[in-house]
Amino acid sequence: MRRARAFGAIGWAAALGLCAALAGPTQAAEPSPYGGPLFDAHLHYNDEAWDGRAGPHPPDDVLRRMQAAGVRGILANSRPNAGSLTLAGLPATQAAGVQVVPFVRLYRNRADYTGWPRDPSIYAMVLEELARGTAAGPYRGIGEFHLYDSADADGPVARQLMALAEERQLAVLAHVDDVAIDKLMAHTPSQGQAVRLVWAHTGIGGAAPERVQALLERYPRLMGELSYRPGLVCDDGQLCPAWRALIERYPDRFLIGSDTWVNQRWLYYGELMASYRRWLGGLPAGVARRVAWDNAAQLWGVSAPPR
């Protein structure tokens, strides 16, 4: 009886081993999502979300979404700038544990998206905003601005803004292609060596990781913001290999952002931030923390939230 039981145990073990072999190698467990604070380095609070009196996303709504997503810092730039000023000045923002880094956006209305490169009044408006400042302190940067034609980077307004940014130690948030990066940097006294440029989406048109790397090496203060970046994340929700290698090689050069340019992005704000947490969890812990929080917080002197 004992021998039969022994043979029975051996038989079951062999059968289970055979099943496992036929099933193939076991899948690695998905890494746990990153659980630390997030800095949203590309946030808009435009007038279609809230115009100061009405809208589908009043301040208490957007602050609740940020708080629920674990977002503790934001780079705010809005059309018009009143949206950023609202978030910067509300006691509720501080109560929600959200720290605001305000940028001057170039857009008073939708026409300015395409018209600003040829409109000298835009430069005058930027100077007025910088002189006024915000309830959260002085503006820390200029942008986001768009260049749909990289040739516009050589226009007079772009030249003035890039020189101003370096002169006043302001960062720039630019939605441009890789060609325009070189053009914009050439308009600074240091030829791009001293100005901080945050490259929205790390390039429109999907510049290859090799081209991104070349620009990071050429311009030591260039940062890549990763919203809407084609080819960044693979089907499993983790970074694609080339991007993982690039981010691990330059862990201090990347930021995350929501780009809430339309109201739909507010509706799915939590999901957007959860998708970042998922692939951040697949990085080494120190790299994840830098991309998620430390890079932006250190750039703009934002204090770490209490643990």
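Rules used throughout
- Residues numbered from 1 in each chain as written.
- Predicted model: local features only at pLDDT ≥ 70, side-chain atom pairs only at ≥ 80, totals over all residues.
- Heavy atoms only, no water.
- UniProt positions renumbered as here; feature names shortened; annotations may be inferred.
- Helix = DSSP H or I, 4+ residues; strand = E, 2+ residues; numbered from the N terminus.
- Disulfide = S-S within 2.5 Å.
- Buried < 20%, exposed > 50% of the residue type's maximum accessible area, 1.4 Å probe, protein only.
- Polar contact = N/O pair within 3.5 Å; in protein donor to acceptor, adjacent residues only side chain to side chain.
- Axes fitted to C-alpha atoms, helices over the stretch in contact; angles between N-to-C directions.
- Parallel < 35°, antiparallel > 145°, perpendicular 65-115°, else oblique.
- Left-handed = near helix turned anticlockwise from the far one by under 90°.
- Contact = heavy atoms within 4.5 Å.
- Nonpolar A, V, L, I, M, F, W, Y, C, P; charged D, E, K, R; others polar.
- pLDDT = per-residue confidence, 0-100.
- Pairing = 2+ DSSP bridges.
- Right-handed = clockwise from strand over helix to strand, strands pointing away.
- Arc of directions from axis to C-beta.

Q: Run through the UniProt feature "domain: Amidohydrolase-related" (unreviewed entry) in the protein chain, naming residues and quoting values.
A: Following the UniProt record, the feature "domain: Amidohydrolase-related" (unreviewed entry) maps to residues 153–301 here. Taken end to end, residues 153–301 comprises 48% helix and 9% strand; its first and last C-alpha atoms sit 29 Å apart.

Q: Can you break down the state of the cysteines residue by residue, with the values?
A: Per the stated rule, a full pass over the model turns up one disulfide. The side chain of C234 participates in a disulfide bridge whose partner is C240; the two sulfur atoms lie 2.2 Å from each other. Between C234 and C240 the sulfur-sulfur dihedral comes to about 135°; the bridge is accordingly right-handed. The exposure class of C234 is partly exposed, given its relative accessible area of 31%.

Q: Talk me through the side chain of T260; I want residue IDs and the actual numbers.
A: Structurally, the position occupied by T260 is in the loop between β8 (254–255) and α11 (263–267). Residue classification places T260 among the buried positions, given a relative accessible area of 2%. At a separation of 2.6 Å, a polar atom in the side chain of T260 contacts the main-chain carbonyl oxygen of H44.

Q: Summarise the packing of helix α2 (residues 59–69) against helix α12 (residues 269–280); cite the residues concerned and give the values.
A: Axis separation between α2 and α12 bottoms out at 9 Å; the angle between their running directions is 25°. The orientation of α2 relative to α12 falls into the category roughly parallel. Between α2 and α12 lies a crossing whose hand is right-handed. Where α2 abuts α12, its residues R65, M66 and A69 lie against Y269, M273 and R277. Within the contact of α2 with α12, the residues separate by chemical class into four nonpolar, no polar and two charged.

Q: Describe unusual backbone geometry, with residues and values.
A: In this chain, R79 is followed by P80 through a cis amide linkage whose omega measures -10°. Looking along the chain, the bond that leaves G143 and enters E144 is cis, with omega of 10°. Here E144 is to be found in strand β4 (residues 141–146). A positive phi is found at H201, a non-glycine position, where the angle reads about 65°. Relative to the helices and strands, H201 is located in the loop between β6 (197–199) and α9 (209–218). Overall, the relative accessible area of 4% leaves H201 in the buried class. Phi angles above zero are rare outside glycine, and D259 is one such case at about 50°. Tracing the chain through its elements places D259 in the loop between β8 and α11.

Q: Explain the confidence of the model for the protein chain to me, and be specific about the residues and the numbers.
A: If pLDDT is low for a region, its predicted coordinates should not be looked at in detail. The predicted model of the protein chain has a mean per-residue pLDDT of 91, with 91% of residues at 70 or higher. Every residue in residues 1–24 scores below 50 in pLDDT, and together they form zero contacts with partners more than four places removed in sequence or on other chains.

Q: Report on the pairing of strand β5 (residues 171–175), specifying residues and quantitative values.
A: The buried fraction of β5 is high, at five of five residues. Residues of β5 alternate between two faces, with A171, L173 and H175 on one and V172 and A174 on the opposite face, all of them buried. Relative to β5, β4 runs parallel, the two being bridged by five bridges. Bridge pairing in β5 places F145 opposite A174. Taken together, β4, helix α7 (residues 156–167) and β5 form a β-α-β motif whose crossover is right-handed. Bridge count between β5 and β6: three bridges; the pairing is parallel. Each bridged residue has a counterpart across the sheet, and for A174 the counterpart in β6 is W199.

Q: Talk me through the environment of P305; I want residue IDs and the actual numbers.
A: Relative to the elements of secondary structure, P305 occurs in the segment after α13 (285–299). Taking relative accessible area as the criterion, P305 reaches 12% and is therefore assigned buried. For P305 and N109, which are 196 residues apart along the polypeptide, the C-alpha to C-alpha distance reads 35 Å. Sequence-distant contacts of P305, defined by excluding residues within four places in its chain, comprise P37, R72 and W293.

Q: Can you explain helix α10 (residues 241–249)? Please cite residues and give values.
A: Restricting attention to buried positions, one finds in α10 the residues W243, L246 and I247. Viewed along the axis of α10, the buried residues span an arc of 95°, placing them on a single side of the element. Looking at α10, the residues exposed on the side facing more than 90 degrees away from the buried face are P241 and R249. On its buried side, α10 packs onto α9, β8, α12 and α13.

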